Amino acid sequence: MLNITTLNDPAFSPHTLNKYASLMTCANGYMGVRATHEEDYTQQVRGLYLAGLYHCAGRGETNELINLPDVVGIQLEVNGAPFTLLSGETESWQRELDFSDGELRRELIWRSASGARVRITSRRFSSMAQLPLLAMQFTVTALDEDVSLAFSTGIDGTQTNSGRQHLDELSLRVFGQQVLQGAWATQSGDAEVVITSSIQVSQQAEICFTAKNRRLMQNSTLQLKAGDSVTLEKINWIVQRSREILSLESFSRRCLNDLQTSAAMGYDALRNASRAEWHKGWQARRVVVESINQADQVALDFAHYHLAAMTPRHDERTSIAAKGLTGEGYKGHVFWDTEVFLLPYHLLTAPSTARSLLRYRYLNLPGARAKARRNGWHGALFPWESARSGEEETPEFAAINIRTGLRQKIASAQAEHHLVADIAWAVVNYWHATHDEAFMRSEGVSLLTETATFWISRAVEVNGRLELHDVIGPDEYTEHVNNNAFTNYMAWHNVAQALYFVPQFGELQPGFAARADDFLQRLWLPEPDAQGVLAQDDTFMGKPTIDLAKYKAKAGKQTILLDYSRAEVNEMQILKQADVVMLNYMLPERFSTAACLANLAYYEPRTIHDSSLSKAIHGIVSARCGQLADGYRQWRDGTLIDLGDEPHSSDDGIHAAATGAIWLGAVEGFAGLSICNGELHLAPALPVEWQRLCVPICWHGVSLTLDITPEAVTLHSAADVRLWLWGTEIVVQGQQRYSRADFFNAEIGTATREGAE
Ligand code: BGC
């Protein structure tokens with residue numbers, strides 16, 4: 001029994017409609033369906049997305065993840081009164097997302113203003129077994145008296161992305177008494193979508209269809225006797241047509257057949273098939289914690305659920321959007337969030353998915369090369385934000401200043417280049433964790449060579465040394481600086497790894513070795529001060545500081561920008577998010593515990609954590625240094641980014657990177673897992689709140705489970721695995737228990753991570 005937790009929506013409230021619509025999204029990596037209610041509410045933003053289906057609507061716009069026609073909406077009338085929780089009385093309410101299989105359930109009793117009382121239960125899921133399938137049931141029970149009911153549901157093509165229409169209607173059809181089908185094309189004509197829905201109500205219902213105002217609807221009416229129930233079952237099949245294959249007509253016919261085959265199975269059988277798929281994932285990858293805070297397991301299950309739900313395992317031309325498939329935030333674009341915050345989870349639990357995510361970058365090398373060329377550099381400059389094609393998708397301008405009418409340029413596309421090295425970092429970790437030679441020989445060599453070539457061409461010579469000028473590091477409150485430490489170290493690492501790995505798996509381009517060698521000799525790597533503190537960039541240490549307590553108390557809301565302009569913030573020691581500490585996290589072998597502690601002490605008071613990518617990283621570095629209380633506090637704060645009380649925190653989608661960071665914090669923080677010099681290191685140390693932590697991982701194709709208590713760690717491996725435990729090299733065979741006391745006894749152990757004690 002896995003006892004997987006659920007997520008509860010505690011009460012109906014117009015204020016939290018969109019937050020829970022994001023958090024409880026039903027998704028399967030292929031499609032995402034926001035957890036909006038069946039009935040309409042003005043504030044409610046419906047959302048149905050297919051991973052990788054983007055469109056650019058016009059001048060000054062970028063590609064955005066298309067909000068497709070809605071199928072979730074069901075308008076119900078009871079004795080002529082529209083069902084809405086804004087009128088009448090809600091006598092009971094329960095709503096939950098079952099993480100174990102992604103089923104969203106609601107059960108409530110509603111009394112209409114005129115007194116008719118009904119129980120309404122609804123359930124839905126998007127299938128892990130058949131990706132295009134979204135199944136729904138909506139049941140009404142007449143509790144006290146006979147009632148007349150009217151249902152109206154279908155395929156609603158009036159959806160937009162905040163008012164932007166992306167689709168043109170191609171055809172609308174009805175087959176028999178219960179099947180509806182619509183086809184739409186993006187306005188550019190590049191993609192088509194076919195949605196087919198089967199809607200079954202009672203035999204007694206009177207049914208008619210309407211197609212107007214972009215809506216294809218089935219309308220049914222029926223009488224329900226007191227005590228009786230009626231269930232509307234709606235099975236939807238949602239697919240994108242790639243242009244090359246079948247004609248639209250043949251394709252639509254195939255969709256109809258697929259839909260009918262599924263609909264014939266019925267909701268419960270479809271759910272069982274999906275559940276079996278989910279179950280495999282839970283068994284293989286679930287992290288289990290015994291904590292005095294029950295919310296900790298919910299957070300870990302939330303992360304597991306969404307990491308599975310957001311990842312397009314079926315299509316390597318698509319990567320993970322910053323909000324997954326849960327909303328339109330960041331227009332569905334892909335950032336460094338994927339390689340740094342999400343890919344490690346896949347790498348250590350399902351490496352083939354990590355490979356697919358890296359293939360996305362590999363397949364988009366042409367766009368990255370073109371961007372480098374356009375800017376006068378060589379190699380590959382990956383776009384800061386990307387969609388499907390690999391072109392730069394960062395909007396040119398941020399929000400308008402409504403006083404001046406001016407818009408501030410977004411600088412990230414021009415200068416936030418560390419993503420290039422982050423991708424190379426992920427490639428190298430992929431190799432270490434998998435030893436996948438075939439990947440390294442093709443994709444790995446290309447990615448490492450092209451990224452390294454970019455850095456070599458990007459450097460400028462100043463008094464004999466090489467520097468990286470006019471960059472933005474991870475801290476986006478500090479723009480256009482020279483020698484951002486994160487960027488310089490990561491670029492150095494990128495070039496060093498290319499020089500090391502490319503000759504092993506491919507051929508160095510003529511002259512590359514000499515150029516790389518020169519870069520490594522001469523690139524300026526900012527030096528730490530006596531305590532180990534690294535300056536974030538050339539000018540950072542000379543800037544003034546201010547008390548950030550008030551802004552840190554509202555981390556995530558960017559309230560500093562209400563008091564200061566961006567230009568002013570740029571001239572102070574204010575970090576939006578982890579930067580030097582991020583570097584400490586990413587290259588653990590380069591920085592001693594003392595240096596990490598010094599950087600935490602220096603940068604934490606200067607970091608607002610206005611980005612969701614920040615706290616968890618400070619938490620992991622703290623935990624790695626043995627500061628377990630701080631590590632735990634920051635990990636918990638990280639879990640609250642989506643799961644906390646703030647009603648609007650996740651309106652336009654969950655924070656995918658923060659979700660990855662929940663897993664990272666447990667595994668890389670408290671299980672102390674790191675990849676150092678290519679080897680697997682474990683240095684578990686639990687916070688006092690945790691009595692046990694169980695983590696399954698995969699290393700070199702071998703499944704390994706870590707069962708950690710405050711006193712010991714029991715490792716179980718399916719085959720021999722060599723690794724470092726608390727600084728001592730061991731080979732794990734079958735199941736073995738290692739007592740912490742033995743390792744930290746000076747005579748036996750050689751624990752090098754002094755902070756872990
Ligand atoms: C952060 C970036 C991040 C992006 C998408 C921004 O607020 O500063 O680091 O990549 O959000 O999550």
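Keep in mind that what you see is a predicted model, and the values were worked out from it rather than measured. (Residues numbered from 1 in each chain as written. Predicted model: local features only at pLDDT ≥ 70, side-chain atom pairs only at ≥ 80, totals over all residues. Heavy atoms only, no water.)

A. Spotlight on the site of the ligand. Around the ligand, the neighbouring residues are Tyr330, Phe335, Trp336, Asp337, Trp384, Glu476, Lys576, Gln577, Ser611 and Leu613. One nitrogen or oxygen atom from the side chain of Tyr330 is found 2.9 Å from an oxygen atom belonging to the ligand. In this structure, Lys576 approaches the ligand through a side-chain N or O atom, which is 2.9 Å from an oxygen atom. In isolation the ligand offers 310 Å² of accessible surface; the protein chains occlude 93% of this area. Residues that form the shell around the ligand fall into these classes: five nonpolar, two polar and three charged. (Near = heavy atom within 4 Å. Polar contact = N/O pair within 3.5 Å; in protein donor to acceptor, adjacent residues only side chain to side chain. Areas by Shrake-Rupley, 256 points an atom, 1.4 Å probe, with all protein chains shown as cover. Nonpolar A, V, L, I, M, F, W, Y, C, P; charged D, E, K, R; others polar.)

B. Expanded view of helix α11 (residues 485-505). Compared with the 30 Å implied by 1.5 Å per residue over 21 residues, the 30 Å span of α11 between its first and last C-alpha is a close match. In terms of burial, α11 is largely enclosed, as 17 of its 21 residues are buried. (Helix = DSSP H or I, 4+ residues; strand = E, 2+ residues; numbered from the N terminus. Expected span 1.5 Å × (residues − 1). Buried < 20%, exposed > 50% of the residue type's maximum accessible area, 1.4 Å probe, protein only.)

C. The packing of aromatic side chains, seen in detail. Within the structure shown, the criterion is met by 31 aromatic pairs. Here Trp278 and Tyr305 contribute two aromatic rings whose centre-to-centre distance is 5.0 Å and whose plane-to-plane angle is 15°, an arrangement assigned as stacked. Of the two residues, Trp278 is situated in helix α3 (residues 267-285) and Tyr305 in helix α4 (residues 295-310); the sequence distance between them amounts to 27 residues. Its relative accessible area of 0% is what places Tyr305 among the buried residues. With 6.4 Å between their ring centres and 70° between their planes, Trp431 and Phe501 make a pair best called edge-to-face. With Trp431 in helix α9 (residues 418-434) and Phe501 in helix α11, this pair connects stretches of sequence that are 70 residues apart. Exposure remark for Trp431: the relative accessible area of 11% places this residue in the buried category. The ring of Trp492 carries the charged tip of Arg590 above its face, separated from the ring centre by 5.0 Å. Between Arg606 and the ring centre of Tyr602, over which it is positioned, the NZ or CZ distance is 3.7 Å. (Phe/Tyr/Trp six-rings, centres within 6.5 Å; stacked < 30°, edge-to-face > 60°. Lys NZ or Arg CZ within 6 Å of the ring centre and 35° of its normal.)

D. Inspection of the pairing of strand β19 (residues 229-241) at higher detail. Within β19, ten of the 13 residues are buried, leaving the element largely enclosed by the surrounding structure. In this structure, strand β12 (residues 133-142) lies alongside β19, joined through nine bridges in antiparallel fashion. Following the sheet pairing, Gln137 is matched in β19 by Glu233. Where strand β16 (residues 192-200) and β19 come together, nine bridges link them in antiparallel fashion. Bridging across to β19, Ile195 finds its partner in Ile238. (Pairing = 2+ DSSP bridges.)

E. Up close: the UniProt feature "domain: Glycoside hydrolase family 65 N-terminal" (unreviewed entry) in the chain. As annotated in UniProt, the feature "domain: Glycoside hydrolase family 65 N-terminal" (unreviewed entry) corresponds to residues 11-238 in the numbering used here. Helix makes up 3% of residues 11-238 and strand 54%. Its end C-alpha atoms lie 31 Å apart. (UniProt positions renumbered as here; feature names shortened; annotations may be inferred.)

F. Local environment of the sheet that holds strand β9 (residues 89-98). In spatial order, the strands read β1-β9-β10-β11-β12-β19-β16-β15-β14; together these nine strands make up an open sheet with antiparallel pairing. Looking at which strands have only one partner, the edges of the open sheet turn out to be β1 (6-8) and β14 (167-175). Sheet twist, expressed as the mean angle between neighbouring strand axes with direction ignored, is 15°. Summarising the sheet, β14 and strand β15 (residues 179-186) pair through eight bridges and their orientation is antiparallel. Across the sheet, Val174 pairs through a bridge with Leu180, a residue of β15. Contacts from α3 reach β9, β10 (103-111), β11 (117-126), β12 and β19 within the one sheet, and its direction differs from that of β11 by about 40°. (Axes fitted to C-alpha atoms, helices over the stretch in contact; angles between N-to-C directions. Contact = heavy atoms within 4.5 Å.)

G. Looking closely at the environment of Val695. Mapped onto the elements of the fold, Val695 is located in strand β27 (residues 690-699). Each C-alpha atom, one on Val695 and one on Gly473, is 32 Å from the other, the two residues being 222 residues apart in sequence. Setting aside anything within four residues of it in sequence, one finds Val695 in contact with Val287, Val667, Ala671, Leu704, Thr705 and Leu706.

H. Focus on the packing of α4 against helix α20 (residues 656-670). In the contact formed by α4 and α20, the axes pass within 9 Å of each other and the chain directions differ by 130°. Accordingly, the angle class assigned to the pair α4 and α20 is oblique. At the point where α4 passes α20, the crossing takes the left-handed sense. Each of Ala299, Leu300, Phe302, Ala303, His306, Leu307 and Met310 in α4 lies in contact with α20, whose residues at this interface are Ala656, Thr659, Gly660, Ile662, Trp663 and Ala666. Class assignment of the residues belonging to the contact of α4 with α20 gives a composition of ten nonpolar, three polar and no charged. (Parallel < 35°, antiparallel > 145°, perpendicular 65-115°, else oblique. Left-handed = near helix turned anticlockwise from the far one by under 90°.)

I. Just the layout of surface pockets, in detail. The computed volume of the second largest pocket comes to approximately 660 Å³. Mapped onto the lining of the second largest pocket, the elements with two or more residues apiece are β5 (54-56) and β19. Residue contributions to the lining of the second largest pocket peak at three residues, all from β5. (1 Å grid on protein atoms, 1.4 Å probe; cavity = no way out; pocket = protein on both sides within 12 Å on 5 of 7 lines; lining within 4 Å. Points joined across faces, edges and corners; volume = space filled by probe spheres on them.)

J. Region of interest: the sheet that holds strand β17 (residues 206-212). Taken in spatial order, the five strands line up as β8-β7-β13-β18-β17 in an open sheet, and their pairing is antiparallel. Unpaired on one side and paired on the other, β8 (81-82) and β17 mark the two borders of the sheet.

K. Molecular detail of unusual backbone geometry. Located in the positive-phi region is Asp470, a residue other than glycine, with phi close to 50°. Structurally, the position occupied by Asp470 is in the loop between β24 (465-467) and α11. A positive phi angle, near 55°, is found at Asn483, a position not held by glycine. You can see Asn483 is positioned in the loop between β24 and α11. Asn483 gets classed as buried once you look at its relative accessible area, which sits at 0%.

L. Fine view of the pattern of salt bridges. Applying the stated criterion across every chain, the model contains 51 salt bridges. Residue Asp268 pairs with Arg123 through a salt bridge whose shortest N-O separation is 2.8 Å. Taken together, the residues span a long stretch of sequence, with Asp268 in helix α3 and Arg123 in strand β11 at a distance of 145 residues. Between Lys576 and Glu476 there is a salt bridge, with the nearest N and O atoms lying 3.0 Å from each other. Residue Lys576 is found in the loop between α15 (566-570) and α16 (580-586), and its partner Glu476 is found in the loop between β24 and α11; the two are separated by 100 residues along the sequence. Here Lys576 and Glu476 have matching classes, each one buried. Linked through salt bridges whose partners overlap, the residues forming this network are Glu96, Asp98, Asp101, Glu103, Arg105, Arg123, Asp268, Arg271 and Arg275. (Salt bridge = Lys/Arg side-chain N within 4 Å of Asp/Glu carboxyl O.)

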